Amino acid sequence: MAIVKKELPLARSMCWHCQSDIGGEYFCQQCVKVQPLSKDIDYFTALGLPRKLNIDTGMLETKFYEMSRAFHPDFYEGKSDMERAVSLANSATLNQAYSTLKSPIERVEYLLRLEAGSAKEIPGKAPTELFEILLEIQEQLEQLQTLKAQKGTGSEEIVGRLRAERGTLEAKRGALERRLAELFQLWDRLVDRSSSDQGQKTEKEQVLKQMRDIVSQRNYLNTMLANIAEALE
Amino acid sequence: MARIVGIDLGTTNSLIAYMDGKVPTIIADAAGDRLVPSIVAYTPEGLQVGDTAKEQLTRHPERTVYSVKRFMGKGLSDVQDELQYFPYRLTEQAGVIQIHIGDKALTPPEISAMILKELKSRAERFFGEEIRKAVITVPAYFNDSQRQATKDAGKIAGLDVMRIVNEPTAAALAYGLQKRKQGLIAVYDLGGGTFDISILKLKGGIFEVLATNGNTHLGGDDFDRRLMEVMLEEIKTTHGAHIKKHPELAQEVRVRAEQAKCRLSSEKEVSVEVPLPEDGGTYRRVFSRKEFEAMVTDLIERTLSPTRKALVDAGLSAADVDEVVLVGGSTRMPLVRQKVEALFGKPPHCELNPDEVVALGAAVQASILAGGIQDMLLLDVTPLTLGIETMGGVMSSLVRRNTTIPTSAKEMFTTFVDGQTSVDIHILQGERELAKDNRSLARFQLKIPPLPASVPRVEVTFMIDANGILSVTARDVRTGEAQSIEVKPSYGLSDQEVERMIHESYIFAQQDIKERQRIEAVNEAQSILRATDKALARAAEIQDLTTSEEQEAIRQSAAELTQSLTGHDHRKIRQAIEALNRASSPLAERLMNHSLQDALKDKKLSQMP
């Protein structure tokens, strides 16, 4: 494997304080001042990771803690205004990067945003094969609400049916997540191959599209399950 | 770096602590007292804070402010339900509560500042140097306005507030330092007025808060009230005495209720006695722990739902938690411990002093900031979702609750009308869908250069700093220039108001010092006048001890001293005291010799064999 020069995640290549070359380090080697992360830095780069979807969360945490020790405002109280501003901005970026990459779903949503320009929150889409059952659930939820409002009877039967249907939705969500895990593997293999031919590009786009579709269905199911949970409370 | 102290500004009591080498330590007063009651009295005798103010609760109820923390960062409508319990008068001005004491109207941050000043001067006496920097704790579930109000209080007290730290996380710092523990801990903090639950991961010196939840209006005060209600009702029916007519009775009952509650944590039953006004006799009542627990079970159970929510947000179940730490005086109640144990399935830790651990943790955080402790780092979260109001009165969230701070969010704004020069941004905090159900933090007015509709593009950055406090900046994307933003806090003081209060508090302190010096001089003068009277009377009984000229001179000086007491200048009083001393000291000396000779004579006679 060829040795690649470390990616520069910093705003500039020269120290803001002493103008010496900082070679991608967080602290200037000459004057030890903290260096600002680039405004356009992506979260993978910020945490020193390739754009892959399977992440060792233990290692991620270690990296996060290590960088927190480097950037957290607690360690910059007596420092200059510039250093404190850099510490605050870097910490904020680091915290967002960590919380995004920690969760597999947020991680893939973020990747879709980077690679396919998706919206921040991918809108939910009902899984087509569950269409009928979803309609039923919607109806039952409305009935239950009406019954509750009028203090009417007969809610037990609806509650029982909703419970059963909840199981179906949860099973579907589980299946979606398993399929997503497979796509994670596929994506990572494509990243590792790292060639620039057209065939691979198309393949990557295919995977992204499938992942986007799954995330969208999962978001829909989540909302529905939350509504059921609320109604059953 | 200058010394930084740690302060727990509590609902009921406040404490100040520092790092003594590697050990966080509470600073006590000369008498050894560690707690300063969070009470401020402004009586005809002057301003009193702490223990002396506590004595005024029943003497001057309408001039003695307690539990002021419940009003921090709030408007009057937020506390409407409990107004009847407070003997002092409350009004509101521009979203800030005003507490009326005599002819003065003071805001909660100003009252809190008086408590902070008391703590500050306690530390200054201890160190023999000025203290300027502090870390102050707040309930984790405090919103932005409440945090800002606490910071304002610090400023008014002349303190540079280096950090606002959440109370349960401060407790975790002190606990972690002491026990060197790793793993998942839950801090259950039930204090005088607030409840917090925080779930933390402790690993290699990092204290990472995973989730927090709570209720800023639930605590020991509410337990006292349940007892109080029962007592007042019984007093009304059996003795016909009503609190409306007797505010001092309400305070008397409140104080007794609080004492009874505390004793019921260790005793199975307590008897309470309250002297009634207008010689109405005494109200007597025995409360058993069982009876008391039945009165407050529902209050304690209100802590369980936030606890479960925090666990869900942390992605954990109760069984995953390795240890549960109890903080706050109210966790001394056996029923609280039982409920916590039942929820987590393990007995909670209560070996740390629940009153002191928060202040100790604040001292630890202070040491981290001062560069003393370098291997510990606290990563805290924002407790509530932050958002802005969008079309149709819906809240659109920018930063979700339990996001590690510092953090930031960006939002792009543009115009709808040609030539529009400003955009209003309404900032909200809370978990509800609709804007009106959430807490309004502030309204920002963003200034925009006049251009055709939707041409301007202004990027607004919302930054939550390590204190959990929001700041907003804006930048014109096309020009890269900073845009001005005008802030109108919904429930808080403006910067100008804080400046004015700092100034006033300084003047107040000056008056205060003068007043104290005058009172001290008056007291000294009165005791000297009494001694002079006695000396003259005694001298008259002894032959040839004094001349009438001397007596006249002494009387003249005494009269001048008495005259000086009507003035306000303590230096004039001091001069008159000096003059009287000079006039009377020869006589005093002769009197002393005379009594000495007397004593010796007596002794010799009695000792004769």
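Definitions and limits used
Residues numbered from 1 in each chain as written. Chains lettered and ligands numbered in written order. Predicted model: local features only at pLDDT ≥ 70, side-chain atom pairs only at ≥ 80, totals over all residues. Helix = DSSP H or I, 4+ residues; strand = E, 2+ residues; numbered from the N terminus. Buried ≥ 20, exposed ≤ 12 C-beta atoms within 10 Å, placed from the backbone. Contact = placed C-beta atoms within 7 Å. Pairing = 2+ DSSP bridges. Nonpolar A, V, L, I, M, F, W, Y, C, P; charged D, E, K, R; others polar. Axes fitted to C-alpha atoms, helices over the stretch in contact; angles between N-to-C directions. Expected span 1.5 Å × (residues − 1). Arc of directions from axis to C-beta.

> For the overall build of chain B, give the residues involved together with the corresponding values.
Scanning chain B from N- to C-terminus turns up 14 helices and 30 strands. Across the 609 residues of chain B, 44% fall into the buried class. Once local pairs closer than 6 in sequence are excluded, the contacts in chain B between residues at least 24 apart make up 67%.

> I'd like a description of the pairing of strand S6 (residues 46–49) of chain B, backed by residues and values.
Residues and elements named next belong to chain B. Here 4 bridges tie strand S5 (residues 39–43) to S6, and the two strands are oriented antiparallel to one another. When the bridges of S6 are listed, Ala-41 appears paired with Gln-48. The antiparallel hairpin formed by S5 and S6 contains 2 residues in its connecting segment.

> I'd like a rundown of the pairing of strand S1 (residues 4–9) of chain B, residues and numbers included.
Residue and element names in this part refer to chain B. Among the 6 residues that make up S1, 6 are buried, leaving the element largely enclosed by the rest of the structure. Residues of S1 alternate between two faces, with Ile-4, Gly-6 and Asp-8 on one and Val-5, Ile-7 and Leu-9 on the opposite face, all of them buried. As judged from the 5 bridges shared by S1 and strand S11 (residues 133–138), these two strands associate in the parallel manner. Bridging across to S11, Asp-8 finds its partner in Thr-137. With 4 bridges joining them, S1 and strand S2 (residues 13–20) adopt antiparallel strand pairing. Following the sheet pairing, Ile-7 is matched in S2 by Ile-16. The loop that links S1 with its antiparallel partner S2 comprises 3 residues.

> Describe the interface of chain A and chain B, listing the residues and the values that go with them.
Counting residues at the interface gives 14 residues for chain A, matched by 17 residues for chain B. Among the secondary structure elements, those contributing two or more residues to the side of chain A that touches chain B are helix H2 (57–71) and helix H3 (81–102) of chain A. Broken down by element, the side of chain A that touches chain B gets its largest block of residues, 6 residues, from H3 of chain A. When its residues are assigned to classes, the side of chain A that touches chain B shows 4 nonpolar, 7 polar and 3 charged.

> How would you explain the sheet that holds strand S24 (residues 407–413) of chain B if you had to name every residue and give the values?
In sheet architecture, strand pairing relies on hydrogen bonds along the backbone and comes in two forms, parallel and antiparallel. Residue and element names in this part refer to chain B. Strand order in this open sheet of 4 strands is S24-S27-S28-S29, and the pairing throughout is antiparallel. The open sheet has two edge strands, S24 and strand S29 (482–483), and neither has a second partner. Bridge analysis of S24 against strand S27 (residues 458–464) gives 7 bridges, and the strand direction is antiparallel. For Lys-410, the partnering residue across the bridge sits in S27 and is Thr-461.

> Please set out the sheet that holds strand S25 (residues 422–429) of chain B residue by residue, giving values where relevant.
Residue and element names in this part refer to chain B. Pairing in this open sheet of 5 strands is antiparallel, and the strands run S22-S21-S25-S26-S30 from one edge to the other. The two strands at the open ends of the sheet, each matched to only one other strand, are strand S22 (394–399) and strand S30 (485–489). In this sheet, neighbouring strand axes are inclined to one another by 30° on average, regardless of whether the strands run parallel or antiparallel. Note that S25 and strand S26 (residues 439–447) share 8 bridges and pair antiparallel.

> Tell me what's going on with the environment of Asn-90 of chain A, and back it up with residues and numbers.
All names here are of chain A. Summarising the element assignment, Asn-90 is placed in helix H3. The buried category is assigned to Asn-90, around which 26 C-beta atoms lie within 10 Å. Here the alpha-carbon distance between Asn-90 and Ser-38, two residues 52 residues apart in the chain, equals 9.0 Å.

> A description of helix H7 (residues 247–263) of chain B should follow, citing residues and the corresponding values.
All names here are of chain B. If you check H7, its first and last C-alpha atoms are 25 Å apart, about what 17 residues at 1.5 Å a residue would give, namely 24 Å. Among the residues of H7, those classed as buried are Leu-249, Ala-250, Gln-251, Glu-252, Val-253, Arg-254, Arg-256, Ala-257, Ala-260 and Lys-261. Elements in contact with the buried residues of H7: helix H2 (56–59), helix H6 (220–239), strand S16 (269–275) and strand S17 (282–288).

> How would you sum up helix H13 (residues 548–564) of chain B? Please name residues and give values.
Residue and element names in this part refer to chain B. Taking 1.5 Å of rise per residue, the 17 residues of H13 would be expected to cover 24 Å, and the 24 Å separating its terminal C-alpha atoms lies within 8% of that figure. Of the positions making up H13, those classed as buried are Ile-554, Ser-557, Ala-558, Leu-561 and Ser-564. Angular distribution of buried residues about the axis of H13 spans 115°; they occupy a single face of the element. The exposed residues of H13 that point more than 90 degrees off its buried face are Ser-548, Glu-549, Glu-552 and Gln-563.

Function cannot be inferred from these measures alone, as they are strictly geometric.
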